[in-house]
Every structure is written in C-alpha cells, then in structure tokens.
Amino acid sequence: MKMATVEINDLVKRYRGTQALRGVNLRLESGCVTGLLGENGSGKSTLFRILAGVTRPTRGQVLIDGLRIGVETRRVTAYLPEVDAFYAWMSIEEQLEFLASFYPGWDQAKARELTQFMKLKGEARIGELSKGQRARLKFIVAFSWPSRLILLDEPLGGIDPPSRARIMRAMVQEFRAEEQTILISTHLVAEIEEFVEQVVFLHDGEVALQGNADTLRTDRGKSLSQMLEEVLS
Amino acid sequence: MVATGEEERAVNFDPTRPIYLQIMEEVKKRAVRGDYAAGEQLPSVRDMAAQMGVNPNTMSRAYQELEREGFVHTKRGEGSFLTHENVRIESERTGLAQAACSQFVVQLRDLSLDTATTRHLLQRVEEKVNENGDR
C-alpha cells in the first residue's frame, strides 16, 4: 500500500442543529487523484474546509503527511474553494505576483506558461473575466507551486465546456503523480471519469461507497455517474 | 508543457468499463493498425496519459499489464517498447476481431436471433457494404 497523504478518522462536524459529517473515515494515498462525489449538502465542502484548515472538526482526527491540521499543513495544501477570492481591480499578472508571496516555492515561469496555456492575457482585469476564465485562473494558482495536496471544490461548476476541457487537459499534464495528491469534487461526474483513480461517494455526511474507480467498474459494470445515482437512491 | 497530439486522437472511453483495460485495447489497436511498428518505442507514460486524457497512474497500470502480457517491454531508464514479434501483433488482430464478434453475437442473442438468422443477416449487411464501397 502506498503512503497516505491524508488520514481521516471518525470525523464529525456539527453546525448549529445540523450534522454535516457523521463519522467519516478516509485515507488518501500519496500520488492519487480521488474524486469526492455526492449531491449538494452531502458534506463535501465541509470536508474540504476542514482539510484546508478553515473549519475545525467537532470530533475526530485529520492528519496530512502525519501532521495535525495547522500552519505546517496549510503550507503544503492548495485549496481552491468554489468561490474564488481574487481582486477584481487587479490584472491577472498582478494577481499572480501578489499570490506568489503566499505560496512557498512559487514558480513564476510556470505561472506564465500556464497563463498562456489557459489562453488568458496577463494584462486582463480580473473584474472583466468570465466565470470560465476565472476558473482557469484558479487552476494556474493551484499548479504554479509544488503543493503536496490540492483540494478542488467544484472546479468545473457553471463554466463553459471549452474552459472545462482546457482545465481537464491542464490537470492531466500538470499533475505530479510522484509527489502530489488531489481531491476533487464535482457534480459533473462524466467530466472526470477518466481522471480520477479513487472515488469516495459521500451521502448525508457519511461515506456510502469508496474504492479504486476501475475496480468498482469491474465489479459493478457501471460508470461513476451511475454509481452515484445508485448511492443517492 | 509538452505539446501532445491530444487533439488529433481523442479516445472515447466507455465509462462503464475499466479505463486501464480500454487503454490496453487502444494500444493494441494502434499496433495492429501500424501506428506503432513492432519494436518501436512507445510514448512515455506521462505523454501517453496526456494524449489520451487519462490519469497517469491508470496509464502506468495499463503499461504494466501490457508488459505482463508480453506485448510491451520496458527497458530500465530507456522506456517502453512494443514487442518486436510480428506474430504477437497479428495474434492481437485476431483477438480484437474475436472480441468484436462476440460482442456482436451477444447483442444479437439479446434480440433473440438464432445463429442461422444471424449468419444470414451478416451476409446481407456485408453485401450491402461491398456494394456501397468502403463506408
């Protein structure tokens, strides 16, 4: 078995009156892309926020590279929330330069290369970008520094198909299987069928099904989209 | 970033079947068609993954399985090479054709067609295809 980058034991998160996560156990192997699948309100975003160190769990243990969530784990984690936090008045170039100081090992040459690949213009104002272009910019930020863990919460939601295709292609090319681990959630399961190696189906704050995507296909003769439907019914 | 021929050859995967198996089939098909010659070096796992738009680990698994089958050889530090035995590639052609036929037969069985009717139908379709030329 490969080394685990993320280990989650009996994770519970309660908000006022609701239980977002009800005892989740999970292990994300190093060098793996894992798809986190489930409907809205299944607990996906809560799980991301806990891993990113934005929210504290009510109970349970979360380790990244053997460390409890904190300053050190945040230094190796790239978290892309559904809603970005870019400054509308900055140009893409200015935004990237600004962000460079936050991420250890930021590679400006890589950021420029990706900007070009994503067909974005460095001088364009962020406030004038389309949703798809902003989504592409999020990817540039995630892949321009050597993070250990990349957390992508609904990165493909609400954006045009060409942007989705561009992002998927960049991900396949830029993912460093030797050192990185990716956790990606999306309701557009068909888009990521070939990209995820492991899958976790979350339902009502609990893991309903998990495993290697190809093994599950062999056992069930179904696509991940069909498995999700099954989990929900 | 390495430029790859992704645009020119996108693979349509069936999401209900294991992806690594379909990659293996695709590599075999390419060899049978002559896209890769016997003994030729194959693209690296990384490039091939980018080309087909799949996870590099899944690609790596497909290469490993192809190697286990003796269809591909990996030389340490050099890369992966297609088998230099033409016989092996030819037998894959037969294998792929057989797989296509059995799928076809199963589909027709599903429609409750017996062997004689299937044969008859096949013959008629073939005649039609020949009349119209290739496609």
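Residues numbered from 1 in each chain as written. Chains lettered and ligands numbered in written order. Predicted model: local features only at pLDDT ≥ 70, side-chain atom pairs only at ≥ 80, totals over all residues. Heavy atoms only, no water.

Let us now look at the sheet that holds strand β9 (residues 198-203) of chain A. Residues and elements named next belong to chain A. In space, the six strands of this open sheet follow the order β6-β7-β8-β3-β9-β10, with mixed pairing throughout. Unpaired on one side and paired on the other, β6 (77-80) and β10 (206-212) mark the two borders of the sheet. Each strand of the sheet is rotated relative to its neighbour by a mean of 15 degrees, with strand direction disregarded. Judged from the four bridges that link them, β6 and strand β7 (residues 149-153) form a sheet pairing that is parallel. Pairing of L80 across the sheet is with L152, part of β7. (Pairing = 2+ DSSP bridges. Helix = DSSP H or I, 4+ residues; strand = E, 2+ residues; numbered from the N terminus. Axes fitted to C-alpha atoms, helices over the stretch in contact; angles between N-to-C directions.)

Contacts between the two partners involve 29 residues from chain A, matched on the other side by 22 residues from chain B. Counting each side, the surface lost to burial between chain A and chain B is near 2,000 Å², with a carbon and sulfur contribution of 49%. For chain A, the biggest contributors to the area lost against chain B are A:R169, A:Q173 and A:E194; these three give 34% of the whole. At the junction of chain A with chain B, the criterion picks out zero salt bridges. Applying the counting criterion to the chain A and chain B interface returns nine residue pairs in polar contact (both at pLDDT 80 or more). Those elements that provide at least two residues to the side of chain A that touches chain B are α4 (108-117), α6 (161-174), α8 (213-220) and α9 (224-232) of chain A. Ranked by residue count, the leading element in the side of chain A that touches chain B is α6(A), at five residues. (Contact = heavy atoms within 4.5 Å. Buried area = accessible area lost by both parts, 1.4 Å probe. Salt bridge = Lys/Arg side-chain N within 4 Å of Asp/Glu carboxyl O. Polar contact = N/O pair within 3.5 Å; in protein donor to acceptor, adjacent residues only side chain to side chain.)

Function cannot be inferred from these measures alone, as they are strictly geometric.
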